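Results of the structural survey
Below, each chain spelled out in residue letters.
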Amino acid sequence: MPRISRMRRGLIATAAALTAGSAMVAVTTPPGPVYSGPGWKASTVRPLLSIHPDPYYIVFADATARSILKPYFTGPAAQITAITGVPVVVTDILDTTPVGTCPGRHRIIVTYEHQPMGVTAYSQARPCYSIADNSAWGGHVRMDSEYWEVPAWFSTNSTTNETYRKNLSAHELAHIFGLDHPNEDHDGDGTVERFECVKNAAGWTPTQCSPNGGDRSATGAGKYVADFDAKGLKQMADNYWLRQGITP
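Attention in this report is confined to the structure presented alongside it. (Residues numbered from 1 in each chain as written. Predicted model: local features only at pLDDT ≥ 70, side-chain atom pairs only at ≥ 80, totals over all residues. Heavy atoms only, no water.)

1. Notes on the packing of helix α2 (residues 63–84) against helix α4 (residues 158–176)
To describe two helices that pack against each other, one gives the angle between their axes and the distance between the axes. Heads up, the rule is: The angle between two axes is taken between their N-to-C directions and runs from 0 to 180 degrees, where each axis is a line fitted to C-alpha atoms and a helix contributes only its stretch in contact. Where helices and strands are cited, they refer to DSSP runs of H or I of at least four residues and of E of at least two residues respectively, numbered from the N terminus. Reported orientations rely on four angle classes, namely roughly parallel under 35 degrees, roughly antiparallel over 145, roughly perpendicular from 65 to 115, and oblique for the rest. Each crossing gets its hand from how the near helix is turned against the far one by less than a right angle, where anticlockwise is left-handed and clockwise is right-handed. Contact definition: two residues touch when any of their heavy atoms are within 4.5 Å. Each residue is assigned to one of three groups, with Ala, Val, Leu, Ile, Met, Phe, Trp, Tyr, Cys and Pro labelled nonpolar, Asp, Glu, Lys and Arg labelled charged, and all others, Gly among them, labelled polar.
Two numbers describe how α2 lies on α4: the axes approach to 9 Å, and their chain directions differ by 50°. Taken together, the axes of α2 and α4 are oblique relative to one another. Here α2 and α4 pass one another in a crossing that is right-handed. When α2 is examined against α4, the residues Tyr72, Phe73, Pro76, Ala77 and Ile80 are found in contact with a partner set consisting of Glu162, Arg165, Lys166, Ser169, Ala170 and Leu173. Classifying every residue of the contact of α2 with α4 by side-chain character gives seven nonpolar, one polar and three charged.

Below is the structure:
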């Protein structure tokens, strides 16, 4: 066996120690942002990819919108706050910024309009996004007044009517925060159809299911479905940090 000098033995021992030491240091790479999951997906076409941590404010186009619609947006706003940790505050402020113009930063203007899209039974969300970081900026929620003007618009059952109104208000608000319709071709016929969405164990589709979905029970109306939309909103808030390489 060839003899190894003391110096060489020392170098070999030092190299081994360095190798062992480096193996003990874990290199953690932050996970990347996520733009879809079971029962939810982000509006990547706009693209609106995250929720900014600064507060958002719901305001109204006029006194009528405020009087009728404020109660319908208070619950969903509180839910988004609880889910994401981002304050969403319902105010009494009136804002007359035209529908075709993005309002001030983090303002969400709610309007009460007859057939805002020019056809019956359709409301509309017009989200704006920050060009700098693709986070939710605010925008306009245009609620079709027909839902309230006709007492039996959805059903002759008043409770069912109210359930639909609450779910639809939550639906349009979530669009402003970047959630798109999660409809998919579940039956494999090659067409993504109305109401074709995943269901949870209770049989409810996501609140964002097109043209309308959500929990229609007495206790679940107007709430984001925990299995679907709630997870999407939480992820959209996390995406703000993940897009910067920061683990939230």
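2. A short note on the sheet that holds strand β3 (residues 56–60)
Two pairing modes exist for strands in a sheet, parallel and antiparallel, and in both the strands are linked by backbone hydrogen bonds. For clarity, the cut-off: When DSSP locates at least two bridges between a pair of strands, those strands are taken to pair.
Across the sheet, five strands lie side by side as β4-β3-β5-β7-β6; this open sheet has mixed pairing. Edge positions in the open sheet fall to β4 (88–94) and β6 (124–129), since each of these has one partner strand only. Looking at each pair of strands side by side, their axes are set apart by 20° on average, direction ignored. As paired elements, strand β5 (residues 107–113) and strand β7 (residues 136–144) share six bridges and run parallel to each other. Within β7, the position partnered with Thr111 by the bridge is Arg142. The sheet strands contacting α2 are β3, β4, β5 and β7, and the helix crosses β4 at an angle near 165°. Along the sheet face, α4 touches β3, β5, β6 and β7 and points at about 150° away from the line of β7.

3. Brief notes about the pairing of β6
The pairing of β6 with β7 spans six bridges and is antiparallel. Paired with Ala125 across the bridge in β7 is Val141. Here β6 folds back onto β7 in antiparallel fashion, the turn holding six residues, of which Asn134 has a positive phi close to 60°.

4. Some remarks on the packing of α2 against helix α5 (residues 229–242)
Contact geometry for α2 and α5: axes closest at 9 Å, N-to-C directions at 60°. Considering their axes alone, α2 and α5 lie oblique with respect to each other. Read as a crossing pair, α2 and α5 show a hand that is right-handed. Contacts between α2 and α5 involve Ile80, Ile83 and Thr84 from the first element and Ala230, Leu233, Lys234 and Ala237 from the second. Considered class by class, the residues forming the contact of α2 with α5 number five nonpolar, one polar and one charged.

5. Here's the deal with the environment of Gly222
With respect to the helices and strands, the residue Gly222 is situated in the loop between α4 and α5. In this structure the C-alpha to C-alpha distance between Gly222 and Gly75, which are 147 residues apart in sequence, comes to 7.2 Å. Among residues more than four places away in sequence, those in contact with Gly222 are Pro76, Gln79, Lys166, Asn167 and Ala170.

6. Some details on the packing of aromatic side chains
By convention here, two paired aromatic rings are described through the distance between centres and the angle between planes. What counts, and what does not: Only centres within 6.5 Å qualify two rings of Phe, Tyr or Trp (six-membered ring in Trp) as a pair; their planes then separate them into stacked at under 30 degrees, edge-to-face at over 60, and tilted for everything else. Type-normalised accessible area, obtained with a 1.4 Å probe on protein chains alone, sets the label of each residue: buried when under 20%, exposed when over 50%, and partly exposed for intermediate values.
In total, this model carries seven aromatic pairs according to the counting rule given. Aromatic pair Tyr56 and Phe177: ring centres 4.9 Å apart, planes at 65°, arrangement edge-to-face. Of this pair, Tyr56 sits in strand β3 while Phe177 sits in the loop between α4 and α5; the two residues are 121 residues apart in sequence, bridging distant segments of the chain. With a relative accessible area of 0%, Phe177 lands in the buried category. Here the aromatic rings of Phe154 and Tyr164 are separated by 4.8 Å at their centres, their planes lie at 15°, and the arrangement is stacked. Residue Phe154 is found in the loop between α3 (146–149) and α4, and its partner Tyr164 is found in helix α4; the two are separated by ten residues along the sequence. What makes Phe154 partly exposed here is its relative accessible area of 24%. Here Tyr164 falls in the buried class, since its relative accessible area comes to 19%. Of the aromatic side chains, those joined through ring pairs into one cluster are Tyr72, Tyr112, Tyr147, Trp148, Phe154 and Tyr164.

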